[in-house]
Structures are given as structure tokens and as C-alpha cells.
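# Fold and contact review
Given next are the chains, with one letter for each unit.
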Amino acid sequence: GENVEQHPSTLSVQEGDSAVIKCTYSDSASNYFPWYKQELGKGPQLIIDIRSNVGEKKDQRIAVTLNKTAKHFSLHITETQPEDSAVYFCAASIKGFKTIFGAGTRLFVKA
Amino acid sequence: NAGVTQTPKFRVLKTGQSMTLLCAQDMNHEYMYWYRQDPGMGLRLIHYSVGEGTTAKGEVPDGYNVSRLKKQNFLLGLESAAPSQTSVYFCASSFGETGYEQYFGPGTRLTVT
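On a predicted model such as this, the values are computed, not experimentally measured, just so you know.

### Describing the overall build of chain A
- In terms of regular secondary structure, chain A is built from zero helices and eleven strands.
- When the helices and strands of chain A are read in sequence order from the N terminus, they spell out β-β-β-β-β-β-β-β-β-β-β.
- Computed over its C-alpha atoms, the radius of gyration of chain A comes to 13 Å, within 12% of the 13 Å expected for a compact globule of 111 residues.
- The C-alpha extent of chain A, read off along each of the three principal axes, is 40 × 30 × 20 Å.
- Residues counted as buried form 47% of the 111 residues belonging to chain A.
- When contacts within chain A are restricted to residue pairs at least 6 apart in sequence, those whose partners lie at least 24 apart make up 52%.
- Of the roughly 5,600 Å² that chain A leaves accessible, carbon and sulfur atoms contribute 48%.

### A look at the environment of Y89(B)
Residue and element names in this part refer to chain B.
- Structurally, Y89 can be placed in strand β9 (residues 87-94).
- If we ignore the near neighbours within four places in the chain, the residues touching Y89 are Q6, L21, W34, Y35, R36, I46, Y64, L76, G107, T108 and L110.
- In terms of polar contacts, Y89 uses its side chain to reach the side chain of Y64, at 2.7 Å.

### Some words on the interface of chain B and chain A
- Between chain B and chain A, the contact holds 22 residues from the first and 19 residues from the second.
- Summing both sides of the interface, chain B and chain A together bury roughly 1,700 Å²; the carbon and sulfur share of this comes to 60%.
- Its largest share of buried area at the contact with chain A, chain B owes to L43(B), Y100(B) and F104(B), together 35% of the area lost on that side.
- If you look at where chain B meets chain A, you find zero salt bridges.

### Some points on the environment of L43(B)
Residue and element names in this part refer to chain B.
- Checked against the element boundaries, L43 lands in strand β5 (residues 43-51).
- By relative accessible area, L43 is classed as buried at 1%.
- Residues L43 and V88, 45 residues apart in the sequence, show an inter-C-alpha distance of 9.4 Å.

### Re the sheet that holds strand β1 (residues 4-7) of chain A
All names here are of chain A.
- Ordered in space as β1-β3-β8-β7-β6, the five strands form an open sheet in which the pairing is antiparallel. The sheet is open, and its two borders are formed by β1 and β6 (56-59), each paired with just one other strand. Pairwise comparison of adjacent strand axes, ignoring direction, gives a mean angle of 15° for this sheet.
- Direction of pairing for β6 relative to strand β7 (residues 62-67): antiparallel, over a ladder of four bridges. Bridge pairing links K57 to V64 in β7.

### Some thoughts on the state of the cysteines
Residue and element names in this part refer to chain B.
- Counted by the stated rule, this structure contains two disulfides over all chains.
- Across a sulfur-sulfur distance of 1.9 Å, C23 and C91 are joined as a disulfide pair. The sign of the -75° torsion about the S-S bond sets the C23-C91 disulfide as left-handed. Separated by 68 residues along the polypeptide, C23 in strand β3 (residues 19-25) and C91 in strand β9 bring together distant segments of the chain.

### Description of the side chain of T99(A)
- If you trace the backbone, T99(A) turns up in strand β10 (residues 97-101).
- Engagement of the side chain of T99(A) in a polar contact is seen with the side chain of Q102(B), the distance being 3.0 Å.

### Considering the environment of E39(A)
Residues and elements named next belong to chain A.
- By secondary structure assignment, the location of E39 is in the loop between β4 (32-38) and β5 (45-51).
- For the pair E39 and T78, spaced 39 residues apart in sequence, the C-alpha to C-alpha distance is 19 Å.
- If near-sequence neighbours (up to four positions away) are discounted, E39 is found in contact with E83 and A86.

Definitions and cut-offs
Residues numbered from 1 in each chain as written. Chains lettered and ligands numbered in written order. Predicted model: local features only at pLDDT ≥ 70, side-chain atom pairs only at ≥ 80, totals over all residues. Heavy atoms only, no water. Helix = DSSP H or I, 4+ residues; strand = E, 2+ residues; numbered from the N terminus. Rg over C-alpha atoms; globule rule 2.2 N^0.38 Å. Buried < 20%, exposed > 50% of the residue type's maximum accessible area, 1.4 Å probe, protein only. Contact = heavy atoms within 4.5 Å. Areas by Shrake-Rupley, 256 points an atom, 1.4 Å probe, with all protein chains shown as cover. Polar contact = N/O pair within 3.5 Å; in protein donor to acceptor, adjacent residues only side chain to side chain. Buried area = accessible area lost by both parts, 1.4 Å probe. Salt bridge = Lys/Arg side-chain N within 4 Å of Asp/Glu carboxyl O. Pairing = 2+ DSSP bridges. Axes fitted to C-alpha atoms, helices over the stretch in contact; angles between N-to-C directions. Disulfide = S-S within 2.5 Å.

Printed below as a string of C-alpha cells:
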């Protein structure tokens, strides 16, 4: 079955710096790759997603890149702010079915 | 528009007791999902449903049952709770074929002693 590995498990950056989180997936049939942000005591919330027919997608300070050949995708957050501090999850699925999540990255943004 | 709601928010059970977690969504979503979240393991899919009256197994279905009698509701049942089922449970929903984004509820923290 599908397996998603996520690194690093913890990331600490200075406010204004960039943060990068990387994920790899195993099932070459996966075609949908969402990223979720989870704040303490809340459910995950989608922040950006990418489909396999696209190599890169950007939304303001957040961008995601996808390398289908290498089966890895990455989240890039620029100009980090304290409110970006949270746990981030990558995930992979086939058309949204049976989504498999990575283990999560806890991001700390120091003011 | 409440989105996805979960009942209850917290629950403590003794080993062997049973309970049902209720998930409700008001977005007319076709697909609904139940996940459990454990430290260091992300979210793992327990069961999911692609429409009223249908359910399917996810990654970790053992010890759980589900029902989707109405489109807006998805119930997760534990027939005989075990300490290994201590976790935070999240329900989610999505449009399905026309929209893959999942919307999550606030979670239920379950402790089995």
C-alpha cells in the first residue's frame, strides 16, 4: 500500500526566514497531494494542494513542488511569521480516496 | 453553516465498554472519513464512505464499525473498547469526485482505561 514519509519531524526557524518540509510517497498511481496545517486542539485544515499534472503551485507565501519521477513533493513557506507555528502534514491519495498522511512536522517560528 | 461537527468532544471509557462517535456535516458532501491521530504517527484512516448506505475499510479498521444511514451523518462505533484505542478521532468530509479537499471536524479525545 501507499506509504508517505515526511521530514523533518521538527523545524525551528527565525521569523522572516523560509521553511521547507519534504515528503516522499511510494505509490506511483497517487495523483493528489494536499498539505494540511493543524493548530493546537483543532482539526487539520487544507493550506495548499497539487495534482500530478502540475509541477508547482503557489499561493502567496506558500508554494508546493512535485517531482513525479522521484516521487517526492515539498512545501515551502517564505517570510515565516509566528502564526505559521503549527504542525504540518503532507498526504498522498488517488483522486482523494484513502488518503495516506505523513507523520507531521512541528514548525516553530521564533520572533 | 457549521461545517463538520463531532460529538462528544471528550470521553473516558473503561476497557470493554462500548460507545458511538457522531459526525455531522452540512456541506452536502458525498464522502466522509474517520481517522485516528496518535503522537508521531500522523492521521490514519479507519473507515470511509463514498455515499449514503456505503462504507469501506481504511488502514486500521479492526475494532471499529461504522454506519452511514443519512448522507450528512457518519457514525463510528467501538463495540468493546481497548486501551490501544486511546486516541484523538477526527471526522472529515469531501465532495468526492468533484472535489478532493477534506474538511475536518474538531476531534474527539477518547481515553480507554
